[in-house]
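If you want the building blocks of each chain, they are given just below.
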Amino acid sequence: MQSLIRLSDLMSSLRIEKLELGPIGTNAYLVWKCGGGDAVLIDAPPNCSETIKPLLEKESLVLREIWLTHGHWDHMAGAADLVGDDTVVIGHRDDKTLFEQPAVMSAFAMPGMDFKPVTITKWVEAGDSLDLFGKEVVVNHCPGHCPGNVIFWIKEEAICFVGDVIFAGSIGRADLPGGNFEALEKSIQTCIYTLPEETKLLSGHGPDTTVGDERRDNPFVRPV
Ligand SMILES: [Zn+2]
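Throughout what follows, the structure given in this document is the object of discussion. (Residues numbered from 1 in each chain as written. Predicted model: local features only at pLDDT ≥ 70, side-chain atom pairs only at ≥ 80, totals over all residues.)

The next thing to look at is the sheet that holds strand β14 (residues 209-210). Spatially, six strands are ordered β7-β8-β9-β10-β13-β14 in an open sheet, and the strand pairing comes out mixed. Strands with a single pairing partner mark the edges of an open sheet, and in this sheet they are β7 (129-132) and β14. Bridging between strand β10 (residues 159-163) and strand β13 (residues 200-203) involves four bridges; their strand directions are parallel. Following the sheet pairing, C160 is matched in β13 by L201. (Pairing = 2+ DSSP bridges. Helix = DSSP H or I, 4+ residues; strand = E, 2+ residues; numbered from the N terminus.)

Okay, the sheet that holds strand β2 (residues 26-33) next. Read from one edge to the other, the open sheet built from six strands follows the order β1-β2-β3-β4-β5-β6, with strand pairing classed as mixed. The sheet is open, and its two borders are formed by β1 (14-21) and β6 (122-123), each paired with just one other strand. Strand direction decides the pairing type here: strand β3 (residues 38-42) and strand β4 (residues 62-67), joined by five bridges, are parallel. Looking across to β4, one finds that V40 is bridged to E65. Helix α2 (residues 49-58) rests against β1, β2, β3 and β4 of the sheet, and its axis sits at about 155° to β1. (Contact = placed C-beta atoms within 7 Å. Axes fitted to C-alpha atoms, helices over the stretch in contact; angles between N-to-C directions.)

With that out of the way, let us pick up unusual backbone geometry. The phi torsion at D43 lies on the positive side, around 75°, for a residue other than glycine. Within the element layout of this structure, D43 appears in the loop between β3 and α2. Phi is positive for N47, which is not a glycine, with a value near 60°. A residue is classified by how many C-beta atoms lie within 10 Å of it, and N47, with 17 of them, is partly exposed. (Buried ≥ 20, exposed ≤ 12 C-beta atoms within 10 Å, placed from the backbone.)

A rise of 1.5 Å per residue sets the reference length of helix α5 (residues 181-192), with its 12 residues, at 16 Å; its end C-alpha atoms lie 15 Å apart and thus fit the reference within 8%. Among the residues of α5, L184, S187, I188, C191 and I192 are the ones counted as buried. Considered in projection along α5, the buried side chains sweep an arc of 105° and stay on one side of the axis. Every exposed residue of α5 that faces more than 90 degrees away from the buried side is listed here: E182 and T190. Its buried side turned inward, α5 meets β8 (135-141), β9 (150-154), β10, β11 (166-167), β12 (170-171) and α6 (211-217). (Expected span 1.5 Å × (residues − 1). Arc of directions from axis to C-beta.)

The biggest cluster of nonpolar side chains holds 53 residues, and the ones touching the most others in it are L41, I151, F152, C160 and V162. With five residues, the top contributor of residues to this core is β9. (Core = buried A, V, L, I, M, F, W, Y, C linked by C-beta atoms within 7 Å.)

On to the pairing of β2, then. In terms of residue burial, β2 counts as a mostly covered element, since six of its eight residues are buried. Two strands pair when backbone bridges link them, and β1 and β2 are joined in this way by eight bridges, in the antiparallel orientation. The residue bridging L19 from the neighbouring strand is A28, located in β2. Counting the residues between successive antiparallel strands, the hairpin from β1 to β2 contains four residues, one of them, G22, with a positive phi of roughly 85°. Pairing analysis gives four bridges linking β2 to β3, with the strands arranged antiparallel. Across the sheet, Y29 pairs through a bridge with I42, a residue of β3. Turn length for the β2-β3 hairpin, with the two strands adjacent in sequence and antiparallel, is four residues, and the turn residue G35 shows positive phi of about 85°.

Before going further, it helps to examine the pairing of β3. Consecutive side chains along a regular strand alternate between the two faces of the sheet. Counting buried residues along β3, four of its five residues qualify, which places the element largely inside the surrounding structure. The parallel pair β3 and β4, bridged by α2, forms a crossover whose chirality is right-handed. (Right-handed = clockwise from strand over helix to strand, strands pointing away.)

If you trace the backbone, G127 turns up in the loop between β6 and β7. Judged by the 9 C-beta atoms lying within 10 Å of it, G127 is exposed. Along the backbone, G127 and V139 are 12 residues apart, and their C-alpha atoms lie at a distance of 5.6 Å.

Moving on: the environment of G37. Within the secondary structure, G37 is located in the loop between β2 and β3. In the structure, G37 is positioned 26 residues away from L63 in sequence and 8.8 Å away in space, judged by C-alpha atoms. If sequence neighbours within four positions are ignored, G37 has contacts with S60, L61 and V62.

This is the structure:
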């Protein structure tokens, strides 16, 4: 009986492969369900297809959706290489210009970068609900680092994909075009620090952290 329970737990659990990719080490997350054939990619760094495609093949997966936390080139410039006719690409409308003309950020990128635009097929906003292999995902809008930053919270798994809103012991830059520190501080206080303490934060750069750790130790934004 016990082994049956463990097997069913295993079959319903998500596999999350964290991959540090692109010229400035951006975290992308490939998510799939054990035993399933579909995958979702969260963020698509430049040239990520060189790593993602072999991984999809190895695990016998088809990439169905790409969820972009924001429109900065290091998170989206690899999406176009992975998009097929039916691939759903998710983003927030406030980063529309960045998704469609990522080269506007060329002054802040590596010289010689190839800025491939991506077509968003599904715009999301705060309060939207998405499905991740049977698990509910709540979208929230967290501007400040970028106008169209969104986070994806999977309550049932106690994880949240936060892009460049917050990092372990740090926060996203607010000095890039479209950035605003006051907005970022408010986003973190109202959208991140209000999540359950044990929630694991999967950031766009660097190691994972938790809501509790950042509420206690983050030196840049303090809880209200
Ligand atoms: Zn960014």
